[in-house]
Amino acid sequence: MPSKSVGNKINKPEIQEYIKANLNTDLHSLLLKKSPFPDVSMQEIVQQIKGKQTAQKKFPFLLKDGIIFPPQLNLEQSSSEATALYKSQILKGNKFIDLTSGFGIDAYYLSQNFKEVTLVERNPELLKIVEHNWHILDRKAVFINQDLDDFLNVNEEHFDVIYLDPARRDQNKNKVFLLEDLSPDILQIKDRLLAIADQVIIKLSPLIDLKYLISVLPDIFRIEIIAVKNDVKEAVIFLSGEKRDGITVDCINLESDESAFTFKFGEEENVQGVYSEPEKFIYIPNNSILKAGVFNLISERFRLKKLHPNTHIYTSAQKVDGFPGRILEMETVESKQIKKKEQFNIISKNYPLKPEDIKKKYGIKDGGKDYLIFTQSKKGKIILKSV
């Protein structure tokens, strides 16, 4: 049972009504006002408003009476409901532990198919909020306020799954990407983790280099590159002390109708590119595939031809269904055929001008249903226009 002090003040009916009434109020102007409630500051009220605004887009399951939201930084660092729900569908077992609980979004979903759940968090106030919210959501767990290293020193349990989301900023709040620079240092503790778990799952920045990961973590057997609406959100790695046959990579684009693209790491090295000038159909892979770097493999799997070694746009005379990305029917045009004030979605790939520069140069507007692609084939710069 969580501490009764958590949420008691902020959850008073009159304060909750005030928060709901000001969900669309300018927060800067609100902060300049005096709080109408003697025991709750305007900063605390605005924190809850920001939390509800974030939850509407990122984790709507928390839009429930009684839920308390932490400071903005904790909200920003939390996974979205979409990515957490996806990860939960591939995990089950008896014992689950999240060693870097944070606001607990990942833990809430990932632990749903486990009998015993433990959350470890070094920030006591944040952990109290999570414990309070889980009580509201009728979810049970063991909540441990402890530094991760201290926990590992005293732990005697074995877990089916350990989950971590390391902090990716240094003491100066600069972003870091190497595993040894994260907090905790993954390279330093990974053997200790594998000794007490069947699987260790680690959420990392989408900017992490896959070849680097595999070179420093030979225990990886699976990598998930997860995008939401074509925006790559995270790379998730799966480690096990048990030897596996190769490393499986899944490229996922959530909230789309695209199927996952799955391959074994190293397949790309055995495939040669096949090239062509643009044909009737143009294909642009989703960003999770581009992140994976399987530029020739995607061409081979779908029997498509590339326009240029560095363009990563593909073409075919006949439409190929099931491609994980955009499929456009297009034709090659000359620049003089582009009329001013026309409206297009502009794509620039392997081309010297950015979309903003292209709009200015040709006097065209952004948006609408049609596309203009500025790119290169092996013969040189080309412009493609929707048919």
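See the structure above.
We now turn to the structure provided with this report. (Residues numbered from 1 in each chain as written. Predicted model: local features only at pLDDT ≥ 70, side-chain atom pairs only at ≥ 80, totals over all residues. Heavy atoms only, no water.)

1. Topic: the overall build of the protein chain
In terms of helices and strands, the protein chain carries 13 helices and 16 strands. The buried share among the 387 residues of the protein chain stands at 50%. The contacts in the protein chain between residues at least 6 apart in sequence include a share of 64% that link residues at least 24 apart. Summed over its atoms, the accessible surface of the protein chain is roughly 19,900 Å², and 46% of this surface lies on carbon and sulfur atoms. The averaged location of the 54 negative side-chain charges in the protein chain is 7 Å from the averaged location of its 56 positive side-chain charges. (Helix = DSSP H or I, 4+ residues; strand = E, 2+ residues; numbered from the N terminus. Buried < 20%, exposed > 50% of the residue type's maximum accessible area, 1.4 Å probe, protein only. Contact = heavy atoms within 4.5 Å. Areas by Shrake-Rupley, 256 points an atom, 1.4 Å probe, with all protein chains shown as cover. Lys, Arg positive; Asp, Glu negative; His and termini not counted. Charge placed at Lys NZ, Arg CZ, Asp CG, Glu CD.)

2. Topic: the sheet that holds strand β2 (residues 114–121)
On the basis of which strands lie adjacent, the open sheet formed by nine strands has the order β3-β2-β1-β4-β5-β7-β6-β8-β9 and mixed pairing. If you trace the sheet from one side to the other, it starts and ends with β3 (142–145) and β9 (261–264), each paired once. Between one strand axis and the next, the sheet turns through 15 degrees on average, direction left out of account. Examined bridge by bridge, β2 and β3 share four bridges and lie parallel to one another. The partner of L119 across the bridge, within β3, is F143. Across the sheet, helix α9 (residues 186–195) is in contact with β4 (159–164), β5 (197–204) and β7 (231–239); its angle to β5 comes to roughly 150 degrees. (Pairing = 2+ DSSP bridges. Axes fitted to C-alpha atoms, helices over the stretch in contact; angles between N-to-C directions.)

3. Considerations on the pattern of salt bridges
Per the stated rule, a full pass over the model turns up 20 salt bridges. Of the charged contacts in the structure, one is a salt bridge between K87 and D106, with a shortest N-O distance of 3.0 Å. Taken together, the positions of K87 in helix α5 (residues 81–88) and D106 in helix α6 (residues 105–110) put the pair 19 residues apart, joining distant regions of the chain. You can call K87 buried: its relative accessible area is 3%. For D106, a relative accessible area of 5% corresponds to the buried category. Here E255 ties to K229 by a salt bridge, and the two come within 3.6 Å at their closest N and O atoms. Of this pair, E255 sits in the loop between β8 (248–254) and β9 while K229 sits in the loop between β6 (220–228) and β7, and the two are 26 residues apart along the sequence. (Salt bridge = Lys/Arg side-chain N within 4 Å of Asp/Glu carboxyl O.)

4. Thoughts on unusual backbone geometry
Omega for the peptide link from S183 to P184 comes to 5 degrees, which places this bond in the cis form. Looking at the element boundaries, P184 is found in the loop between β4 and α9. At D138, a residue that is not glycine, the phi angle is positive and equals roughly 60 degrees. Along the chain, the position of D138 falls in the loop between α7 (124–136) and β3. You can call D138 exposed: its relative accessible area is 67%. With phi around 55 degrees, N350 is a residue other than glycine that occupies positive phi space. Secondary-structure assignment places N350 in the loop between β14 (343–348) and α13 (355–362).

5. Section: the sheet that holds strand β12 (residues 314–316)
Strand order in the open sheet formed by seven strands is β11-β12-β10-β13-β16-β15-β14, with mixed pairing between adjacent strands. Of all strands in the sheet, those with a lone pairing partner are β11 (305–306) and β14, marking the two edges. Here β11 pairs with β12 via two bridges, running antiparallel. Counterpart to K305 in the pairing with β12 is T315. The strands that α13 touches are β14, β15 (365–377) and β16 (380–386); relative to β14, the one it contacts most, it runs at about 135 degrees.

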